[in-house]
Every structure is written in structure tokens, then in C-alpha cells.
Protein chains: 2
Amino acid sequence: MRLSQYFLPVLKENPAEAQIVSHRLMLRAGMIKQSSAGIYSWLPLGYKVLRKVEEIVHQEQQRVGHIPMLMPTLQSADLWKESGRYDAYGPEMLRIRDRQDRDMLYGPTNEEMITDIFRSHVGSYKDLPLTLYHIQWKFRDEIRPRFGVMRGREFLMKDGYNFDLTKEDALHAYNRHLVSYLRTYERMGLQAIPMRADSGPIGGDDTHEFLVLAETGESEVFYDSEITDLTFGDREIDPNDHDACRAVLEEFTSRYARTDETHDPEVFAKVPEERQRSARGIEVGQIFYFGTKYSDAMNAKVQGPDGKQVPVHMGSHGIGVSRLLGAIIEASHDDKGIIWPEGVTPFHAGIVNLKQGDAEADAACDALYNSLKALGLDPLYDDRKGGAGMKFATMDLIGLPWRITVGPRGLKNGVVELTSRRTGESEELPPEQAVEKIAKIYAGIV
Amino acid sequence: MRLSQYFLPVLKENPAEAQIVSHRLMLRAGMIKQSSAGIYSWLPLGYKVLRKVEEIVHQEQQRVGHIPMLMPTLQSADLWKESGRYDAYGPEMLRIRDRQDRDMLYGPTNEEMITDIFRSHVGSYKDLPLTLYHIQWKFRDEIRPRFGVMRGREFLMKDGYNFDLTKEDALHAYNRHLVSYLRTYERMGLQAIPMRADSGPIGGDDTHEFLVLAETGESEVFYDSEITDLTFGDREIDPNDHDACRAVLEEFTSRYARTDETHDPEVFAKVPEERQRSARGIEVGQIFYFGTKYSDAMNAKVQGPDGKQVPVHMGSHGIGVSRLLGAIIEASHDDKGIIWPEGVTPFHAGIVNLKQGDAEADAACDALYNSLKALGLDPLYDDRKGGAGMKFATMDLIGLPWRITVGPRGLKNGVVELTSRRTGESEELPPEQAVEKIAKIYAGIV
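Chain A is annotated in an unreviewed UniProt entry as Proline--tRNA ligase of Sulfitobacter faviae. Under the heading Subcellular location (unreviewed entry), UniProt records this for chain A: "Cytoplasm".

This is the structure:
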């Protein structure tokens with residue numbers, strides 16, 4: 001993309017309404033615009049990152065065999081009355097009456113609807129196990145929406161639901177979700193720690209939240225510092241292997257790690273003192289096993305191998321897709337702006353032309369731009385007429401991991417400058433080598 | 001995908017509520033499930049096609065330089081009061097009151113919101129031309145939702161908005177949209193004819209609807225039969241070339257083609273009688289030029305080259321993404337089920353194992369499956385235990401364009417059977433050749 005043809009309305013001033021850095025930077029970098037309280041438009045740059053995050057979630061869900069579908073945003077109140085949650089949910093549920101005076105609502109989650117789909121179509125244990133998921137906009141009418149997309153009212157969530165014959169199978173689905181979530185977050189450059197959590201209105205016994213450590217997190221968390229040494233890495237885990245999935249769960253959840261809701265000072269005291277940590281965290285996902293809570297209430301049964309009707313064991317599993325953008329920025333920025341991890345960056349590299357209009361500089365930039373495109377990469381070329389200072393500031397603000405700076409002086413020596421946004425380090429090298437180096441960095445990511 | 005691990009709840013019986021063939025077939029093929037009046041869940045097979053249609057729309061929009069973004073589903077009523085449409089829109093607008101008693105609505109379209117984004121961020125003619133678009137769920141509270149996704153209440157739409165300094169530039173944007181739409185529909189295997197239409201509540205002088213001819217269409221249309229001979233084909237049109245885009249518009253709109261709303265029997269009578277046609281059509285898109293209607297009402301001005309503030313010229317342009325699935329099926333089916341065009345088929349080919357459990361047949365199917373996957377193709381392998389009749393009926397119903405049938409008898413002679421869903425013609429050939437042939441068909445499509 002050439003910047004002169006793009007829509008990137010960066011702000012010079014810090015917006016007064018933004019209290020936390022991710023909100024501030026998303027506004028300043030022209031990623032989002034508030035349209036009403038807690039509801040945002042995703043401007044082109046923000047939308048691009050949102051789609052990348054969404055795509056990683058899709059890929060990792062499908063890698064472990066979960067099946068994508070899509071449920072609507074608006075739901076009939078009837079199903080929620082059946083489960084008993086319509087009255088229980090409280091004022092965060094946006095209730096709507098349509099022109100025929102039917103009670104509707106903007107779905108905050110989909111346990112009821114997916115259970116209805118399941119019971120309408122599945123009748124035998126032979127069709128299990130089954131895990132369906134979707135990525136859809138949800139609404140929670142927060143009394144005080146704040147922190148930009150971190151605590152918005154309309155937000156994008158991946159929610160998945162497993163249906164299993166036995167508790168053991170459902171717990172495997174739980175473990176499998178944990179495995180896939182660890183991989184998902186790492187691909188976005190995040191360390192998200194599974195912590196024992198409270199189940200809240202979803203219900204159920206087993207639940208873990210995934211938290212990204214950040215000063216601006218809304219939850220206080222307590223953990224054994226050993227947990228931050230764990231990484232999932234490149235492991236190949238067979239999603240059907242119960243033991244392998246359980247081993248990952250045990251590895252990542254055996255050390256103390258809890259949110260304030262479940263924190264137990266007595267248990268925490270047993271962690272060696274030098275490893276006791278308290279910090280703040282941003283919740284970016286949660287997994288639940290809730291057994292037959294919904295299948296009992298909504299009569300979702302299958303015929304078991306013995307011919308008897310049994311309620312299915314279920315769980316639900318969420319990733320806060322839009323919120324993740326805020327979490328990534330909270331975890332990765334500096335005074336100048338955002339620093340995107342390579343896995344989610346909106347453009348793979350920026351090209352800065354120091355002397356737009358200079359025939360040689362323009363030609364060199366065009367050549368770099370075309371070479372990167374030819375390799376399947378997506379560069380942003382700042383081809384505006386303007387000073388180096390403004391161009392560098394824009395690139396630093398929007399946080400592309402790599403910048404190529406092209407100017408007449410370097411070109412005389414046959415070189416351009418390649419700069420890492422993260423380290424600030426630069427090197428001079430011939431344009432072809434800069435392209436080669438960037439291609440190498442993104443090999444296996446793009 | 002192996003069918004035994006998929007969620008494909010096909011129905012044997014014709015659902016009573018479905019009046020038209022696309023609705024019936026989408027229900028029967030397990031593509032959708034109604035969740036409440038005019039609101040559908042997209043089951044895995046339906047979702048897969050929806051994503052393919054969406055992806056084609058994205059690609060063709062970006063091919064001509066339009067910039068993707070995403071606006072939210074819920075909007076504040078304030079902007080609509082500013083434009084004067086809040087009161088004018090009528091009961092099809094779903095009006096919502098949030099917990100703070102603010103008037104909200106579920107967006108049926110986005111002229112106001114995009115104009116607000118534009119006026120907040122763009123101040124100079126130097127930032128024009130600009131065309132932004134998004135693909136987002138919309139809601140229109142139809143009094144009688146019917147025909148499945150063809151006339152649902154919650155529906156997915158691409159809506160794009162151009163901002164130009166002059167009427168001439170805005171009319172070029174109009175023409176450019178027409179060019180991109182012709183290409184978009186053809187990639188989906190559809191002939192959609194631009195017809196002069198009525199502007200309705202959007203307003204404006206120039207507007208064309210794109211109609212797919214089908215017996216079940218909701219509009220009566222009148223046209224010169226020569227128009228159905230036109231195809232856009234593989235033309236490479238430079239989206240910035242005003243003359244080239246205008247020439248396409250003239251070619252595709254100079255012959256008589258109108259909906260009943262704009263039909264003029266006197267003008268129609270001048271078409272040679274043997275070329276006069278009347279038929280029914282399904283509207284799958286519409287383009288508008290409405291000048292400064294919204295920019296005047298909402299004060300969206302830029303500084304022109306002479307330093308004066310001038311209201312921008314705008315247009316809006318929509319494609320009914322979810323409705324397109326219905327239109328494609330209306331245009332392409334037979335008594336046995338759907339016949340997907342290659343460009344949007346949910347799976348590229350089906351593999352039917354006539355003797356699941358037979359070691360040789362299973363191995364041959366696995367090999368075919370893996371070969372197709374290795375080529376980047378997406379096969380659906382019916383690995384269920386069940387008779388040939390049931391398997392053929394399922395494949396015919398869900399409409400994959402190509403089926404490979406594998407059985408012990410053929411394998412003895414080293415062959416499998418490759419069948420075209422459209423023609424019903426079969427040929428026997430070695431498995432490798434079947435794979436090669438399918439790969440060739442999809443070259444340039446996948």
C-alpha cells in the first residue's frame with residue numbers, strides 16, 4: 001500500500017479520553033474511532049490487525065479439529081428463558097423488542113443457541129465428540145465502558161462449545177482448548193498465563209483464564225515466577241491424544257497462578273518466597289467445563305452405546321479477539337508508539353522515502369516495494385511529500401517491525417537502511433539484501 | 001475434511017416452511033438453521049460458502065483500490081437525527097434503548113457513520129479520491145421475513161462509500177464500482193445484469209441495481225435480450241482510467257434493462273420485438289451516486305485547490321453478501337440439489353468410498369484425499385459406513401462440482417470414477433489422473 005492512497009488518520013495530540021496506553025495509541029495511530037460509548041469503528045489499519053488476529057484464531061482452532069460456523073448477533077429471548085439465564089443475566093444484556101413485540105437480545109455469549117442447534121440435529125453418541133466455534137460480534141452493556149477496545153460494549157469474540165459423551169472426553173476437550181490457546185497467543189507474540197479462575201454466570205467447576213501480564217490489567221494476579229519461563233513453542237501435539245494434552249495442562253497449571261477472585265494466601269505462602277509474584281493482568285481468554293448444566297436445562301441428550309438417552313457433557317471456551325489488540329499493544333510498545341509482533345503486524349515493513357520526487361529515490365523505493373510484494377509480503381510505502389521527521393514519527397507510531405529508509409545519500413553508496421522497530425538498531429545494506437532479510441524473518445509467518 | 005468428523009446435518013424431508021428452492025436446499029443441505037424469524041445460524045457448510053463469497057468481494061474491492069475497514073453493528077441515533085433519516089426510516093429500522101436510556105439502532109446501512117468518520121479526519125482535496133468499504137451484519141426489521149437468507153432480517157452486506165471532489169470524479173467512482181461488481185458476480189458463476197433502478201431511502205439521481213434472473217426473483221424485470229450475451233470476462237481494466245470504466249458502463253447499460261419500478265413501456269416498445277423480454281430477478285447489489293446529499297446535511301467539506309470549503313460528492317454501493325448464496329442456488333440447482341459454481345463451492349471435490357472398511361478402498365481414498373490436500377485443494381471425504389445410494393444423495397444435495405467414486409471393482413482395474421455434478425457425466429480414470437484433472441479445473445480459482 002502506498003500511504004498517499006491509504007486512509008491513515010494519525011493524530012498528533014494525545015486524545016484526552018484515553019486513560020491507558022493501548023487506547024491512546026490505537027486512537028493516535030488511526031486504528032479506531034469511537035462511534036458511541038464503548039462502540040468503535042475499526043479504521044483501515046486497525047481492521048487489518050483485527051483480521052490477522054482473527055485469522056490466527058481460526059487457524060489454531062481448525063488445527064485441533066474444531067469446526068467453524070457462525071451464529072447471528074441477535075437472539076430470541078425464548079432460549080434464554082429456557083436455560084433460566086434471561087432473568088439472571090442482569091442489565092449487561094442488551095434487551096431489544098422488535099416490531100412484532102418479540103423479546104430479543106444482542107448475544108453476549110451463545111451457550112443456549114449452540115445447545116439448541118445441537119439438540120435439533122444430533123441424536124447419537126456416534127456423532128461425538130463435536131466442537132463447534134464461531135467468531136462473532138457480541139454486546140455487553142457495560143455501565144462504564146472504558147479503555148478503548150479492552151472494555152468495549154460491542155466486541156469480537158471467538159466462542160467455542162464442545163459436546164462429549166462423558167466427563168472424561170469433555171475434560172480432554174478442555175485440555176485440548178488449553179493447548180490450542182497457548183499456541184494461539186504465542187503466535188501473536190503474547191505470553192498468556194492460564195490461571196485458575198471463577199466461573200461467573202457461565203457456571204461450571206473447571207475454568208481457567210488466560211492472562212497477559214501488563215501494568216494496566218484490570219485483574220490483580222498472583223503467581224509462581226517459574227510459570228513465566230514456560231513456553232509452548234513448536235511442539236506438535238496430537239489433538240486426539242488425551243495423555244499428551246493432559247500433560248500440557250499439567251505443565252502449565254501445576255504452579256500457583258490465580259486471579260484475585262480465586263487467590264488463596266495460605267496456598268500462595270507455600271510457594272518459595274523468592275518466586276512469589278503479584279502483578280496485574282489482562283484477561284484474553286477463558287475455558288470452562290460445565291458438565292450437563294445446559295444439556296440438562298435444555299434437554300440436549302444423545303443415545304449412548306447402551307441405547308439409553310444421556311445428557312451431553314459440555315464446555316465453552318472464549319478468546320477475546322478485539323480485546324487482544326489492546327492487550328498486544330499494552331504488552332508491546334514504547335514512548336514512540338506501538339511495536340507489533342511480526343505475527344500480527346498490519347504491514348510487514350515500512351518504506352520511507354527521504355526525498356520523494358527525486359527520480360533515483362523514487363525508483364529505488366518502487367523497486368523495493370515491488371520486490372517485497374512479489375515475495376507475498378505487504379509493505380507500506382510512505383510516498384508522501386514531507387520531511388524525514390514526520391515520516392519516522394508515523395512509522396514509529398504505527399509500529400511496523402521493520403523500516404527501510406531510502407535516501408539519495410545512501411543510494412550513492414548502493415545502500416538503504418534497515419531498522420528494527422523493537423531494538424532501534426539500523427544497518428546499511430544493498431536493497432536486495434534488505435528484501436532478503438525481511439523475507440527470511442517472515443518465512444513461516446506469512 | 002472427513003465427513004465422519006464434520007457437522008453436516010442434512011435433512012431427508014423437505015422443510016414445510018421453505019417456499020423457494022434456495023431456502024429449501026440450504027436447510028436440507030445443513031447450511032443454515034433458523035434461530036428466530038428471519039435470523040439464521042450459518043452451519044459449517046453454509047458458513048464455508050459465505051466466507052468464500054465474502055472473500056471474492058474483498059478481493060475485487062481491493063483490486064480496484066477500495067480500502068477495507070469495519071464499522072460496528074450498533075449505531076447511535078444522533079447521527080441519523082443529523083441527516084434527517086431517523087424519523088424518515090420507518091419501522092424497518094430496529095431501534096434500541098441501552099441501559100443509559102440512549103437511543104441506539106442496529107445499522108441498516110452506514111452513510112451517516114462513514115460521513116462522520118470522513119468529516120472527522122479528512123480536510124483537504126489532496127486526500128481524495130477515497131473509497132472505504134466494509135462487510136458487516138446489518139438488520140432490517142422486515143414485517144414478513146421469508147425466503148431464507150434471501151429476505152432475512154439480519155444479513156451480511158458489503159457497503160462502500162466514495163468521497164470525491166467533483167461530480168465527475170464521483171461518477172467515475174460509480175463506474176468503477178460497476179466494473180468491479182461485474183467481475184465479482186462472474187467469479188461466483190452469476191450473471192448479474194445492471195438495471196436502472198429507483199433510489200429509495202438512500203436518495204440520489206443515478207442508481208443501478210444488479211439482478212440475477214431467476215423464476216423466484218422478487219422483482220419483475222424488462223430487458224433487451226442482447227444484454228444477456230454480454231460478459232465481462234478476463235478484461236484488465238485500469239480502475240483509474242475514467243474512459244475505460246465509462247466504456248464498460250456504457251456497454252452494459254445502453255440497452256434497455258429496468259426493474260418494474262423504473263419500467264417505461266413506451267421506451268421498451270422501441271426494442272425490437274423479438275428481443276423484448278420480461279422475467280423475474282433477484283437483486284444482489286446496487287450502486288448509487290447521490291452527490292452532496294449527506295455531505296451537505298452533515299457538513300462534510302474539504303478545502304478545494306482554490307482554498308474554498310466545498311462539500312464532497314459521494315456515492316454508496318452495496319452487495320448483498322449473505323443473500324448471494326440464495327441467488328447462486330436459485331440460479332444453479334436441479335432436482336437433486338445444489339450445483340455450486342467452482343468459484344464458491346464449499347469443498348472442491350467429494351470422495352465417495354463405496355466400501356468403507358475395505359482395506360484397499362480405504363487406502364485409495366486416503367491417498368486421493370492426501371493428494372488433493374497436498375495441492376492446496378479442499379476435499380470432502382465421505383468415510384461413513386453406509387450405502388452408495390445415501391452417499392451419492394448427500395453429494396448431489398450439497399452440490400460439490402466434482403465427485404470421485406472409489407470402489408473395489410474399479411480399483412481392480414486401477415481406476416476410479418470422476419463425475420461432474422453439473423452434467424452428470426462420468427469417466428473412469430486412474431486416481432492420479434483424476435487428481436490432476438481436478439487440479440487443472442481449479443487452477444486460477446483457488
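Read on for the rest.
To continue, consider the pairing of strand S23 (residues 426–429) of chain B. Residues and elements named next belong to chain B. Across four bridges, strand S22 (residues 416–420) lies against S23 in antiparallel orientation. Along S23, the bridge assignment pairs Val416 with Leu429. Counting the residues between successive antiparallel strands, the hairpin from S22 to S23 contains five residues, one of them, Gly424, with a positive phi of roughly 80 degrees.

We now examine the relation of the copies chain A and chain B. For the match of chain A to chain B, the screw axis carries a shift of 0.0 Å, the RMSD comes to 0.0 Å, and the turn is 180 degrees. The relationship between the two copies is best expressed as a two-fold rotation axis. Considering only C-alpha atoms, the part of chain A nearest the rotation axis is Ile96(A), at 3.0 Å. When the interface residues of chain A are mapped onto chain B, 100% of them again lie at the interface, so the same face is used by both copies.

Our next topic: the pairing of strand S6 (residues 103–106) of chain A. Residue and element names in this part refer to chain A. Bridge analysis of strand S4 (residues 74–76) against S6 gives three bridges, and the strand direction is antiparallel. Opposite Leu74, over in S6, you have Tyr106 as the bridge partner. Bridging between strand S5 (residues 94–97) and S6 involves four bridges; their strand directions are antiparallel. For Arg97, the partnering residue across the bridge sits in S6 and is Asp103. Remark: five residues form the turn of the hairpin made by S5 and S6, two consecutive strands paired antiparallel; Asp101 in that turn has positive phi of roughly 65 degrees.

All names here are of chain A. Under the counting rule described, the total for this entry stands at 57 salt bridges over all chains. Arg2 is the partner of Asp366 in a salt bridge, and the nearest nitrogen-oxygen pair spans 3.1 Å. Of the two residues, Asp366 sits in helix H11 (residues 359–374) while Arg2 sits in the segment before helix H1 (21–28), which places them 364 residues apart along the sequence. Given the relative accessible area of 27%, Asp366 is considered partly exposed. Its salt-bridge partner being Asp378, residue Lys48 comes within 2.3 Å of it at the nearest N-O pair. Here Lys48 is found in helix H2 (residues 44–63), whereas its partner Asp378 is found in the loop between H11 and strand S20 (379–382), with 330 residues between them in sequence. The class for Lys48 is partly exposed, based on a relative accessible area of 22%. Residues participating in the shared-partner salt-bridge network are Asp334, Asp396, Arg403, Glu417 and Arg421.

Residues and elements named next belong to chain A. On the basis of which strands lie adjacent, the open sheet formed by three strands has the order S4-S6-S5 and antiparallel pairing. Both outer strands of the open sheet, S4 and S5, are each paired with one neighbouring strand and no more. Averaged over all adjacent pairs, the angle separating strand axes in this sheet is 35 degrees, with direction ignored.

Before going further, it helps to spend a moment on the environment of Pro145(A). All names here are of chain A. Position of Pro145 relative to the elements: it lies in the loop between strand S7 (130–139) and strand S8 (154–164). For the pair formed by Pro145 and Ala37, sequence separation is 108 residues and the distance between their alpha carbons is 6.6 Å. Those residues in contact with Pro145, other than ones at most four positions away along the chain, are Ala37, Gly38, Arg151 and Arg153.

Analysis parameters
- Residues numbered from 1 in each chain as written.
- Chains lettered and ligands numbered in written order.
- Predicted model: local features only at pLDDT ≥ 70, side-chain atom pairs only at ≥ 80, totals over all residues.
- Heavy atoms only, no water.
- UniProt positions renumbered as here; feature names shortened; annotations may be inferred.
- Pairing = 2+ DSSP bridges.
- Helix = DSSP H or I, 4+ residues; strand = E, 2+ residues; numbered from the N terminus.
- Least-squares fit on C-alpha atoms with pLDDT ≥ 70 in both.
- Contact = heavy atoms within 4.5 Å.
- Salt bridge = Lys/Arg side-chain N within 4 Å of Asp/Glu carboxyl O.
- Buried < 20%, exposed > 50% of the residue type's maximum accessible area, 1.4 Å probe, protein only.
- Axes fitted to C-alpha atoms, helices over the stretch in contact; angles between N-to-C directions.

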